[in-house]
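Letter by letter, the chains look like this.
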Amino acid sequence: MKLIFSCPRLLKKLFNCWPPFWGAGIRIEQLSSDYSYCRVGLVLRWWNKNANGTQYGGSLFSMTDPAYSMLLMALLGPDYQVWDRAASITFIKPGRGRVYADIHLSRERLDDILNATEGGDKYFPHFRINIVDEQGNLVAEVERTLYVRKK
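Below is a short write-up of the structure. (Residues numbered from 1 in each chain as written. Predicted model: local features only at pLDDT ≥ 70, side-chain atom pairs only at ≥ 80, totals over all residues. Heavy atoms only, no water.)

### Comments concerning the overall build of the protein
- Along the backbone of the protein there are six helices and six strands.
- Reading the helices (α) and strands (β) of the protein from amino to carboxyl end gives α-α-α-β-β-α-α-β-β-α-β-β.
- Computed over C-alpha atoms, the radius of gyration of the protein comes to 16 Å, within 12% of the 15 Å expected from 2.2 N^0.38 for 151 residues, which places it in the range of a compact globule.
- When its C-alpha atoms are laid out on the principal axes, the protein stretches across 50 × 30 × 25 Å.
- Surface exposure of the protein reaches about 8300 Å², of which carbon and sulfur atoms provide 52%. (Helix = DSSP H or I, 4+ residues; strand = E, 2+ residues; numbered from the N terminus. Rg over C-alpha atoms; globule rule 2.2 N^0.38 Å. Areas by Shrake-Rupley, 256 points an atom, 1.4 Å probe, with all protein chains shown as cover.)

### Quick word on the nonpolar core
- Counting residues in hydrophobic clusters, the biggest one holds 36 residues, and the most contacted among them are M63, L72, I103 and I131.
- Ranked by residues supplied to this core, first place goes to helix α5 (residues 67-76) with seven residues.
- Among all residues touching L72, those that are not within four sequence positions of it are G77, V82, L105, L110, I113, F127, L146 and V148. (Core = buried A, V, L, I, M, F, W, Y, C linked by side-chain atoms within 4.5 Å. Buried < 20%, exposed > 50% of the residue type's maximum accessible area, 1.4 Å probe, protein only. Contact = heavy atoms within 4.5 Å.)

### Describing the packing of aromatic side chains
- Applying the stated criterion across every chain yields a total of six aromatic pairs.
- Judged by centre distance (5.5 Å) and plane angle (85°), the rings of F15 and W18 are edge-to-face.
- A centroid spacing of 5.8 Å and a plane angle of 50° characterise the contact between F15 and F21, whose relative ring orientation is tilted.
- Judged by its relative accessible area of 15%, F15 is buried.
- Assessed through its relative accessible area of 2%, F21 is described here as buried.
- Clustering of aromatic rings is evident, with ring pairs tying together F15, W18 and F21.
- Over the ring of F127 we find R109, and its NZ or CZ is 4.3 Å from the ring centre.
- Residue placement shows R144 over the ring face of F61; its charged tip is 5.0 Å from the ring centre. (Phe/Tyr/Trp six-rings, centres within 6.5 Å; stacked < 30°, edge-to-face > 60°. Lys NZ or Arg CZ within 6 Å of the ring centre and 35° of its normal.)

### Points about the pattern of salt bridges
- One pass over the full model with this rule turns up seven salt bridges.
- D84 is the salt-bridge partner of R144, the closest N and O atoms lying 3.6 Å from each other. Remark: D84 occurs in strand β3 (residues 80-91) and R144 occurs in strand β6 (residues 138-150); sequence separation between them is 60 residues.
- Note on D84: relative accessible area 33%, which makes it partly exposed. (Salt bridge = Lys/Arg side-chain N within 4 Å of Asp/Glu carboxyl O.)

Here's what the structure looks like:
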């Protein structure tokens, strides 16, 4: 697993071929070499439309699923456990075309996580992700809580 996380380009390619992403039309469009940023996109296609002809809510939710876990696993390395603990989505408006989510992990946030877990304690960082359309209009808000602990 360390080999995959040591090469952002390889990780991006693998996620883009991963059946849950590929089947839903979800793509990692950008992944920074320092794992501090990731852009995930979703294009509306005939196979991922809902009954109203807009983005299927499950696909919107899925596009944010592994993002923070993936970034943290890459940055923290094999000495840490990183899991999703809880998540919720609030739909704001229908997604009628391409949508994307920009996921940022600042150095300050990473330092907070490292400080909170240095003694082996569990930590539950909370993240908010906005999913927007190409015009920058908010389509959905996703809240994710992770479980992070030093092994």
